[in-house]
Amino acid sequence: MEIRYGSDRNGLLCGYLFEGGEGGAKGVPLDLAQAIAWLGNGRAKSAADFVWLHFNLSDAAAEACIRKQLPDVVPEFFEALHEGSRSTRIEDAHDTLIAVVNDVAYEFAFDPAEIASLWMNLGPHMAISARSHPLRSIDRMRDAVKNGKPLPSSIAFLNTLLHEQGDVLVRIVRDATVKVDVIEDKFLVGRLQNRRADLGQLRRVLVRLQRLLAPEPGALFRLLRLPPQWISEHDLEELRQVTEEFSLTIRDLSELKERIKLLQEEIAAQVSEQTNQSVFTLTVVTVLALPINIVAGLLGMNVGGIPLAEYHHGFFVVVAIIVVFTALAGWYVYRKK
């Protein structure tokens, strides 16, 4: 059966049922009505069986649909949707995990505006994810599930998503490092041109990423200390590994940000030195032109008694005086330098 999704009715982007025990199962596509029927079915479910529903919050009907059709979604999920702060966090609310995960846009181009949030409600048999803009990690996971990737549990869903997010972040750090290497090479050979704006944009992106993503390892470690009862030891161990890998990536991001800062300081120092050299050159020209300006000003006054006015070689005498004083001024300036 082919499932078609759209935002004209309920904002559901995709839905999958994972039913196959601890070994994991491929996702079976299903619509909202089928998901609600499966969740409301009174028959016993395996501890690992769950439904994943992914919503588009830019559709006005999505939140209302979640509130009305999915009563197991806890109130804290809706509170998170409307909070002003969108720093990454994962917390336990009534034995349900509420996660706010920040991710980059699908077509990320190192623009700070292309970073947005993904909200999740995770229980033992239901995983709800919602976003307002297309995000790379969740869309990559959606493609993987569509192509047959098995998920053993709802926490395995979270672990896989965090793995995808870590891979995306590693790729961003790698691409940013390449950009910084190119700018640094151009700086060393004196062909920097107008790349200072590129460095500033890169640093703004990395600063925002670090500010939004830095709380994530801490939130995961707090969850690992007091996990809900329904999370298995295997899933906790996977979550622990994801947390450690993510912490290393955040550290690499911070180091790259500091490298950009140092490069910006070197460029600023070079620009300042070039400015000082230009000011010095202008000062030298002004000092060297001072004698001729003074003499021209004095001799150009329309008054009587101007010396050498009747002398046949007066012009050459004045030129000689100007040359001597200009030479003395030049010698004085270069000696001071």
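Our structure's up above, just so we're on the same page.
Residues numbered from 1 in each chain as written. Predicted model: local features only at pLDDT ≥ 70, side-chain atom pairs only at ≥ 80, totals over all residues. Heavy atoms only, no water.

A.B. asks: Can you break down the environment of Ile292 residue by residue, with the values?
C.D. replies: In this structure, Ile292 sits in helix 9 (residues 290-299). When its relative accessible area of 41% is taken as the criterion, Ile292 is described as partly exposed. C-alpha separation for the pair Ile292 and Val318, spaced 26 residues apart in sequence, amounts to 9.4 Å. (Helix = DSSP H or I, 4+ residues; strand = E, 2+ residues; numbered from the N terminus. Buried < 20%, exposed > 50% of the residue type's maximum accessible area, 1.4 Å probe, protein only.)

A.B. asks: Run through the side chain of Asn10, naming residues and quoting values.
C.D. replies: For Asn10, the position within the fold is in the segment before strand 1 (12-18). A residue is classified by how much of its surface remains accessible, and Asn10, at 18% relative accessible area, is buried. Polar side-chain contacts of Asn10 include one of 3.0 Å to the backbone nitrogen of Leu12. Excluding residues that lie within four positions of it along the chain, Asn10 makes contacts with Leu32, Phe55, Ala61, Ala62 and Cys65. (Polar contact = N/O pair within 3.5 Å; in protein donor to acceptor, adjacent residues only side chain to side chain. Contact = heavy atoms within 4.5 Å.)

A.B. asks: An account of the packing of helix 6 (residues 196-213) against helix 8 (residues 233-288) is needed here, citing residue identities and associated values.
C.D. replies: Helix 8 packs onto helix 6 with a crossing angle of 150° between their chain directions and a minimal axis gap of 10 Å. Relative to helix 8, the element helix 6 lies roughly antiparallel. The two elements helix 6 and helix 8 meet at a crossing, and its hand is left-handed. Note on element contacts: helix 8 touches helix 6 through Phe246, Ile250, Leu253, Ser254, Leu256, Lys257, Ile260, Lys261, Leu263, Gln264, Ile267 and Val271, opposite Arg196, Leu199, Gly200, Leu202, Arg203, Leu206, Val207, Leu209, Gln210 and Leu213. (Axes fitted to C-alpha atoms, helices over the stretch in contact; angles between N-to-C directions. Parallel < 35°, antiparallel > 145°, perpendicular 65-115°, else oblique. Left-handed = near helix turned anticlockwise from the far one by under 90°.)

A.B. asks: Before we move on, can you summarise the sheet that holds strand 5 (residues 96-104) with the specific residues and values?
C.D. replies: Spatial ordering of the open sheet is given by 2-1-3-7-6-5-4, a layout of 7 strands whose pairing is mixed. Among the strands making up the open sheet, the edge pair consists of strand 2 (28-29) and strand 4 (89-93). Here strand 1 runs beside strand 2; their pairing, made up of 2 bridges, is antiparallel. Bridge pairing in strand 2 places Leu17 opposite Val28. Sitting on the sheet, helix 1 (residues 32-40) touches strand 1, strand 2, strand 3 (50-56) and strand 7 (126-131), and the angle it makes with strand 3 is about 145°. (Pairing = 2+ DSSP bridges.)

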